[in-house]
Amino acid sequence: KFGFEIEQISKQEIEDIAVSSSKVRLYLKEGKIALANELLGHNYSLSGTVIKGKQIGTVIGYPTANINIDDPIKLIPPAGIYAAIAKFKNEAIKGMLYIGNRPTIAGKDRSIEMNLFDFNKDLYGEWLTIELVRKIRNDEKFASLQEMQLAIAEDEKSARVILGQ
């Protein structure tokens, strides 16, 4: 009727796990990014425009590109720190992604922001696609910005190892 055919394929498994969109969504919702990526056959990604943030990252030595995800039904993984790769034009830039409401600075709205390693260009208004590679840790509230800065330094070390840098 609509000019296309449907072909049913047999159940697909990866390491005894049945591949399904439901399973991928479940893994993403649980922050099990590496497992979701394995079932997808590629890294799960988020895309959006870089917008101005509160500049806290710059103050503590970890500037971020804040991303506005304009797709209202896009599944956003849970709050935490992730090893990730940003795609900007023809560049792939390794870094770490933060998803959360910034509890240390009493933030209220969810923020999605990426610290790009060894990268220093103005990205405001630019479109970024961020591939999530693996979750490093859950979001948490720190007693001070200095304590948060120390945790971010450890996150950077972990992300660089995960990303082979």
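Going by the structure above, here's the rest.
About the cut-offs
Residues numbered from 1 in each chain as written. Predicted model: local features only at pLDDT ≥ 70, side-chain atom pairs only at ≥ 80, totals over all residues. Heavy atoms only, no water. Salt bridge = Lys/Arg side-chain N within 4 Å of Asp/Glu carboxyl O. Buried < 20%, exposed > 50% of the residue type's maximum accessible area, 1.4 Å probe, protein only. Helix = DSSP H or I, 4+ residues; strand = E, 2+ residues; numbered from the N terminus. Pairing = 2+ DSSP bridges. Patch = residues over 30% accessible without salt bridge, like charges linked within 9 Å, V, L, I, M, F, W, Y side chains within 5 Å. Areas by Shrake-Rupley, 256 points an atom, 1.4 Å probe, with all protein chains shown as cover. Phe/Tyr/Trp six-rings, centres within 6.5 Å; stacked < 30°, edge-to-face > 60°. Core = buried A, V, L, I, M, F, W, Y, C linked by side-chain atoms within 4.5 Å. Contact = heavy atoms within 4.5 Å.

S.K.: Honestly, the pattern of salt bridges in this entry has me stumped. Any pointers?
M.R.: Pairing is possible between side chains of opposite charge, provided their charged atoms come close. Per the counting criterion, the structure on display carries eight salt bridges. Between Glu30 and Lys32 there is a salt bridge, and its shortest N-O distance comes to 3.1 Å. Since its relative accessible area comes to 39%, Glu30 is described here as partly exposed. Between Lys121 and Glu91 there is a salt bridge; the shortest N-O distance is 3.1 Å. Separated by 30 residues along the polypeptide, Lys121 in the loop between strand S7 (111-116) and strand S8 (127-138) and Glu91 in strand S6 (residues 91-100) bring together distant segments of the chain.

S.K.: Sorry, what's going on with the pairing of S8 here?
M.R.: Regular strands place side chains that alternate from one sheet face to the opposite one. Direction of pairing for strand S3 (residues 45-51) relative to S8: antiparallel, over a ladder of five bridges. Looking across to S8, one finds that Leu46 is bridged to Ile130. For strand S5 (residues 80-88) and S8, the ladder comprises eight bridges, and the chain directions are antiparallel. When the bridges of S8 are listed, Ile81 appears paired with Arg137.

S.K.: Sorry if this is basic, but what is going on with unusual backbone geometry here?
M.R.: Negative phi characterises most residues that are not glycine, and trans characterises most peptide bonds. You will see that Lys89, though not glycine, has its phi angle at about 55°, which is positive. According to the relative accessible area criterion, Lys89 is exposed, its value standing at 64%. Backbone geometry at Arg102 places phi at a positive 55°, although glycine is not the residue there. Looking at where Arg102 falls in the secondary structure, it is placed in the loop between S6 and S7. Residue Arg102 is classed as buried on the basis of its relative accessible area, which comes to 19%.

S.K.: I'm lost on a nonpolar patch on the surface in this one. Help?
M.R.: A grouping of Phe2, Phe4 and Ile6 is seen on the molecular surface, where their side chains present a nonpolar patch of about 450 Å² in accessible area. With respect to the helices, strands and loops of the structure, Phe2 is situated in the segment before strand S1 (13-14).

S.K.: Would you explain the packing of aromatic side chains in this entry?
M.R.: Given two aromatic rings, one states the distance between the centres and the angle between the planes to describe the pair. Here the structure, examined in full by the defined rule, presents two aromatic pairs. An angle of 20° between the planes, with centres 6.5 Å apart, marks the rings of Phe2 and Phe4 as stacked. According to the relative accessible area criterion, Phe2 is exposed, its value standing at 65%. We classify Phe4 as exposed; its relative accessible area is 59%. On the numbers, 6.3 Å between centres and 80° between planes, the contact of Phe88 with Phe119 is edge-to-face. With a gap of 31 residues between them, Phe88 in strand S5 and Phe119 in the loop between S7 and S8 connect regions that are remote in the sequence.

S.K.: In this structure, what is going on with the nonpolar core? I would like to understand it.
M.R.: Nonpolar side chains in soluble globular proteins generally cluster together in the buried interior. The biggest cluster of nonpolar side chains holds 29 residues, and the ones touching the most others in it are Leu46, Ile67, Leu97, Ile112, Leu116 and Leu123. Mapped onto this core, the elements with two or more residues apiece are helix H1 (21-29), helix H2 (33-40), S3, strand S4 (65-68), S5, S6, S7 and S8. Examining the composition of this core, we find that four residues originate from one element, S5, more than from any other. In this structure Leu97 touches Leu46, Gly80, Ile81, Tyr82, Ala84, Ile112, Glu113, Met114, Ile130 and Leu132, once residues within four positions along its chain are discounted. If you look at the next biggest cluster of nonpolar residues, it comprises 15 residues, including Phe117, Phe142, Ala151 and Ile152.

S.K.: Teacher, can you tell me more about the environment of Arg134 here?
M.R.: Among the secondary structure elements, Arg134 is positioned in strand S8. For the pair formed by Arg134 and Lys87, sequence separation is 47 residues and the distance between their alpha carbons is 16 Å. If near-sequence neighbours (up to four positions away) are discounted, Arg134 is found in contact with Ile33, Ala34, Ile81, Tyr82, Ala83 and Ile162.

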